[in-house]
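One-letter residues, chain by chain:
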Amino acid sequence: MMDDLRTKYLSQIDTASTEAALEDLRLAAIGKKGEVSLAMRSLGKMTPEERQIEGPRLNALKDEITSAIAAKKAALEDAALEERLRHEWLDVTLPGRGGARGVAEGSVHPVSQVWEECTAIFADMGFRVAEGPQVESDWYNFDALNIPDHHPARGEMDTFYMHRAAGDDRPPHVLRTHTSPVQIRSMQEHGAPLRIICPGRVYRADFDQTHTPMFHQVEGLAIGRDISMANLKWVLEEFFTAFFGTKVRTRFRASHFPFTEPSAEVDIQCSFEGGTVKVGEGDGWLEVLGSGMVHPHVLRAGGIDPDEWQGFAFGMGIDRIAMLKYGIPDLRAFFDSDLRWLRHYGFSALQVPTLRAGV
Ligand code: PHE
């Protein structure tokens, strides 16, 4: 009789397909009025000898059924979880479904877009992306770049200075006024030869139609044994042609930066006909960046021997070239967070700029 109970319950437990069915089986077997429980109650009517044999056997059966139910329950839970995982997955890389108007809710800001485009183009020419802090020491932002204390360039930069605690008379930190301090940090970290770009935020206390207190630059730096201005010109023309999708001529005008010698400001060819700027045609010129051959003092500050190494550097306004490429008239609108503007000028999160697809 006991063997029958054992076979019956173990096989039913084995084929139970829901937790509810398992619970029914538990009640039917070892619940208060379950068959095994009733059999246990009948022990009292047995002879002591019988009871000594049957008692432990029934207890063992009860344990066996209890653990079979527990095991089956765990298996059912695992299967249920597997099933959920199979159905309830979510592709977090998918874009949003779009709001009430059926327009995707989020868009990529033109600055982010152009930042990525610059990265893609320069990466293709072997430049790695470098980073540095936005709160910078005055040594990195100025001294190391051959702008000593009291140099007029410090005043011209409209620098934001950070406060020091009262009594602390070390020079204050600054909000970096350009991405050039990352030149020094990269030289110190990697030495020569070196090829980096640094896209990033920069700050100057200046606000009008063409200036915002925070804006974006991309710094470029290439150091090798015989890198020249000719390489600089090739890299920049290559960049602008890829960026604007049309052959763009550049014009180098002699200029001055403390951290480069010689220095040049670079204009790109454009036409201003009909009130719109068209890059790559016409006989007008538009200034887009500062550049030059890295000053020996700067190489030395970065721990690089200027008798062995030389290179070029440039710094370009990302917002500026974004306005030119995408026909955005007012710089200040970049930072207004006006949803209508963002919907109009923003980019799809799925359109990751790649050189192959054309940026
Ligand atoms: N740092 C300069 C600026 O912000 C640009 C520049 C970078 C010029 C590198 C020359 C070389 O105006």
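In what follows, the structure referred to is the one given above.
Residues numbered from 1 in each chain as written. Predicted model: local features only at pLDDT ≥ 70, side-chain atom pairs only at ≥ 80, totals over all residues. Heavy atoms only, no water.

So, the overall build of the protein chain
Along the protein chain, the regular secondary structure elements total twelve helices and ten strands. Against the 2.2 N^0.38 benchmark of 21 Å for 359 residues, the protein chain shows a C-alpha radius of gyration of 37 Å, more extended than a compact globule. Counting only C-alpha atoms, the protein chain reaches 115 × 55 × 45 Å along its principal axes. Out of the 359 residues in the protein chain, the part that is buried amounts to 42%. (Helix = DSSP H or I, 4+ residues; strand = E, 2+ residues; numbered from the N terminus. Rg over C-alpha atoms; globule rule 2.2 N^0.38 Å. Buried < 20%, exposed > 50% of the residue type's maximum accessible area, 1.4 Å probe, protein only.)

What to know about the side chain of Ser37
Structurally, Ser37 can be placed in helix α3 (residues 35-41). A distance of 3.3 Å separates a polar side-chain atom of Ser37 from the backbone oxygen of Ile30. When neighbours within four sequence positions are excluded, Ser37 is seen to be in contact with Ala29, Ile30, Gly31 and Lys32. (Polar contact = N/O pair within 3.5 Å; in protein donor to acceptor, adjacent residues only side chain to side chain. Contact = heavy atoms within 4.5 Å.)

A word on the pairing of strand β9 (residues 284-294)
Sheet faces and side chains relate simply in a regular strand, where the side chains alternate between the two faces. In terms of burial, β9 is largely enclosed, as nine of its eleven residues are buried. Bridge analysis of strand β7 (residues 260-271) against β9 gives nine bridges, and the strand direction is antiparallel. Of the residues in β9, the one forming a bridge with Thr260 is Val294. Note: β9 against strand β10 (residues 310-317), five bridges, orientation antiparallel. Paired with Leu289 across the bridge in β10 is Met316. (Pairing = 2+ DSSP bridges.)

Side note on the site of the ligand
Among the 14 residues in the neighbourhood of the ligand, the closest are listed as His178, Ser180, Arg204, Gln217 and Gly315. The separation between an oxygen atom of the ligand and a polar side-chain atom of Arg204 is 2.9 Å. Gln217 is positioned with one of its side-chain polar atoms (N or O) 2.9 Å from an oxygen atom of the ligand. For the ligand, whose free accessible area comes to 330 Å², the fraction covered by protein is 91%. Here the ligand is seated within the largest pocket. At the level of secondary structure, the elements contributing two or more residues to the shell around the ligand comprise β5 (214-224), β9 and β10. A per-class count over the shell around the ligand returns four nonpolar, eight polar and two charged. (Near = heavy atom within 4 Å. Areas by Shrake-Rupley, 256 points an atom, 1.4 Å probe, with all protein chains shown as cover. 1 Å grid on protein atoms, 1.4 Å probe; cavity = no way out; pocket = protein on both sides within 12 Å on 5 of 7 lines; lining within 4 Å. Sits in = over half its atoms within 2 Å of the grid points. Nonpolar A, V, L, I, M, F, W, Y, C, P; charged D, E, K, R; others polar.)

Let's talk about the environment of Ile30
Relative to the assigned elements, Ile30 resides in helix α2 (residues 19-30). On the accessibility criterion, Ile30 (14% relative accessible area) is buried. Taking the C-alpha atoms as reference points, Ile30 and Asp63, separated by 33 residues in sequence, lie 9.6 Å from one another. Those residues in contact with Ile30 that sit more than four places away from it in its chain are Val36, Ser37, Lys62, Ile65 and Thr66.

A few points about unusual backbone geometry
Omega for the peptide link from Ala192 to Pro193 comes to -5°, which places this bond in the cis form. Mapped onto the elements, Pro193 comes out in the loop between α8 (181-190) and β4 (194-203). In this structure, the amide linkage connecting Glu261 to the following residue, Pro262, adopts the cis form with an omega of -5°. Its identity is not glycine, yet Asn146 carries a phi of approximately 65°, on the positive side. Relative to the assigned elements, Asn146 resides in the loop between α6 (138-141) and α7 (152-156). You will see that His150, though not glycine, has its phi angle at about 70°, which is positive.

A short note on the layout of surface pockets
The computed volume of the largest pocket comes to approximately 1400 Å³. As for the largest pocket, its lining consists of 50 residues, of which Phe215, Glu287, Val288, Gly317 and Arg320 are closest to the centre. Broken down by secondary-structure element, the contributors of at least two residues to the lining of the largest pocket are α7, β5, β6 (250-257), β7, β9, β10 and α11 (318-326). It is β9 that provides the largest number of residues to the lining of the largest pocket, a total of seven residues. In terms of residue class, the lining of the largest pocket is made up of 20 nonpolar, 20 polar and ten charged. (Points joined across faces, edges and corners; volume = space filled by probe spheres on them.)

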